[in-house]
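# Fold and geometry: a report
Residues per chain are reported as follows:
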Amino acid sequence: MDTVKVSVFRRDPAVEKEGKFVDYEVPREDGMVVLDAMKYIERHLDPSMSLRWNCSAGKCGSCSAEINHKPSLMCKTRVDSLKGDKIKVAPMAAFPLIKDLVTDVSENWALLKKIPKFTPKEGLEKPWRISQVDIERSKEFKKCIECFLCQDVCHVIRDHSTDYFGPRHVVKAASLDMHPLDTLNRSEFMNKDAGLGYCNITKCCSEVCPEEIHITDNAIIPEKERAVNISYDPIAMFLRSRKQRRAKA
Amino acid sequence: MRAASETSLRHLIPPEFLEPNWRFWSFVMISILGTVLILLYKVPVFDGLTDPFYTPTVLILPLVVLFRLTCYAYRKDYHRHLFNHPNGCATDVRLDSKKRGYSGETGFFRVENVHRYFMYTAWAILPFFFYDVYVSIVYTGAITVTLGTIILAVNAVAVTTYTFSCHSVRHLIGGYKDCVNCPANLNKKNSLYRLQSRLNGHHEAIAWTSLIMFVFVDLFIRGMIGGVIPNIVLIHSGL
């Protein structure tokens, strides 16, 4: 029988100090994805293995893992798309491990709460009407399924302890900033308090995003450009202060 | 994407040679080649064709270089392949990242925030490329379109496209606005912003194309001087 060799990271932090990769062999099926192989292992080979999954359709963002060192959704990675004779599956290294492939991503909920909330213009007539042309930009970011692969691949989050919130959170701030009815500008907050300056535009977040959101081009760079307007561009700063003075007068 | 650590070459070849980084190394090679050519082997205006390295704008070349160096496309290249932060997106390509200090664009590289000012100087250089195309057409006193004219024109268009597909242009022509079709700002469809956004999506590829065009044009003109390449006359008519 044709089989697929899978090497899965196993560790229970409650009893083990170090983790190890354990090899399994799973029957190969046409069109199978890595999640199918993992489910097979859990059902037939080792029920003690922990993994998290829900929709199996790339829409819930639960089955994030590092497959052959690339942060990916297990349910969207076809086995026949992977090179090499063995598939290596590891948990996301940027987050605390709960067990085996399951990580604790709850730190992201705390970060999301810190981003200033949607603040619409006062006295707007309801229902709110928004043109398609205006909602398109912020709608792209609504596709985010919060799989946190972008956070996992970001070298700033993985390797360095900084105050950078990470790509997912810049996407969140950009989706609010670019909302046509929102009145706040979060770029100054993102630059000063959320460590936007630590991002060096290396675009790994865009490469791994399963929803193909152009994280760097459409969220991070526009937020950086807005922050330049506020903190670095003397002409823009002068125009802005003049506008504010006029508004007060 | 395959991590270098999986191969036996891991300890022999540094990971930067195993990741696709041809754009960065071609930038380095072109910079060296360009400098050598400018300093050692000067090209006069030949057959009405001005080498793009020798337009009068060579005086502001350092500013144009700074425009490229602070460009969002090139930042990706050198942060990845020169400073290895990160070297590639495979999560354990280079295992020493944690040990090395990192300040991103908060320390020295804060200078990248004035990219748009270098862009303004790059705008100043653009008319000269088109002037060179014009000169190559009228230098005989008649209207002459040669293969060289076409190549100079393609180069001028490539460098213009690169300059105007910049992320800073995108911000300036509409990216800063949250709303273009609100009651206060009715029926502005921001088609320019949308067109520019489409170009901007290919900014990295355009950056490399326009860079390599310089060398191509330079080699073409040198080839003509050396008599290797004929400058084919396509159209010639008296005024």
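Every value quoted in this text rests on a predicted model; they were computed, and no experiment measured them.

## Details of the overall build of chain A
Across its full length, chain A carries 10 helices and 7 strands. Along the three orthogonal principal directions, the C-alpha set of chain A runs to about 80 × 40 × 30 Å. Looking at chain A residue by residue over its 249 residues, the buried ones come to 46%. The long-range fraction of contacts in chain A, counting pairs at least 24 apart against all pairs at least 6 apart in sequence, stands at 66%.

## Things to note about the overall build of chain B
A count of helical and extended segments in chain B gives 8 helices and 2 strands. Counted from the first residue to the last, chain B has its helices and strands arranged as α-α-α-α-β-α-α-α-α-β. Nonlocal contacts in chain B, meaning residues at least 24 apart in sequence, comprise 77% of its contacts between residues at least 6 apart.

## Observations regarding the nonpolar core
Ranked by size, the top nonpolar core spans 95 residues in total, and within it Val6, Val34, Met74, Val89, Cys150 and Val170 of chain A carry the most contacts. Broken down by element, the residue count for this core peaks at 8 residues, all from helix 8 (residues 203–225) of chain B. Both domain 1 (3–103) and domain 2 (107–248) of chain A contribute no fewer than three residues apiece to this core. Ignoring sequence-local partners within four residues, the contact set of valine 34 of chain A consists of Ile67, Met74, Thr77, Val79, Ile87 and Val89 of chain A.

## Re the sheet that holds strand 4 (residues 70–73) of chain A
Residues and elements named next belong to chain A. Strand order in the open sheet made by the 5 strands is 2-1-5-3-4, with mixed pairing throughout. Two strands in the sheet have a free side with no partner beyond their single neighbour: strand 2 (20–27) and strand 4. In this sheet, neighbouring strand axes are inclined to one another by 35 degrees on average, regardless of whether the strands run parallel or antiparallel. Pairing of strand 1 (residues 3–10) with strand 5 (residues 86–90) involves 4 bridges; the strand directions are parallel. By the bridge assignment, lysine 5 is partnered in strand 5 with lysine 86. Its contacts with the sheet put helix 1 (residues 34–45) on strand 1, strand 2, strand 3 (64–67) and strand 5, and the angle it makes with strand 2 is roughly 95 degrees.

Calculation criteria
- The residue numbers shown here count from 1 along each chain, following its written sequence.
- For this description, chains carry letters from A and ligands carry numbers from 1, given in the order in which they are written.
- Totals for whole chains, interfaces and linings use every residue, but because this is a predicted model, local features are given only for residues with pLDDT of at least 70 and side-chain atom pairs only at 80 or more, for both listing and counting.
- Secondary structure is summarised from DSSP: a helix means a run of H or I of at least four residues, a strand means a run of E of at least two, and numbering begins at the N terminus for each.
- Burial is judged by counting the other C-beta atoms within 10 Å of a residue's own C-beta: 20 or more makes it buried, 12 or fewer makes it exposed, and any count in between marks it as partly exposed, with every C-beta position built from the backbone.
- The contact criterion used is a C-beta to C-beta distance within 7 Å, with each C-beta placed from the backbone.
- A set of buried residues qualifies as a nonpolar core if it consists of Ala, Val, Leu, Ile, Met, Phe, Trp, Tyr and Cys joined through C-beta atoms within 7 Å.
- Where each domain starts and ends comes from a domain assignment, either automatic or drawn from a database.
- Paired strands, in this sense, are two strands between which DSSP finds at least two bridges.
- Only the stretch in contact is used when fitting a helix axis, every axis being a line fitted to C-alpha atoms; angles between N-to-C directions are given from 0 to 180 degrees.

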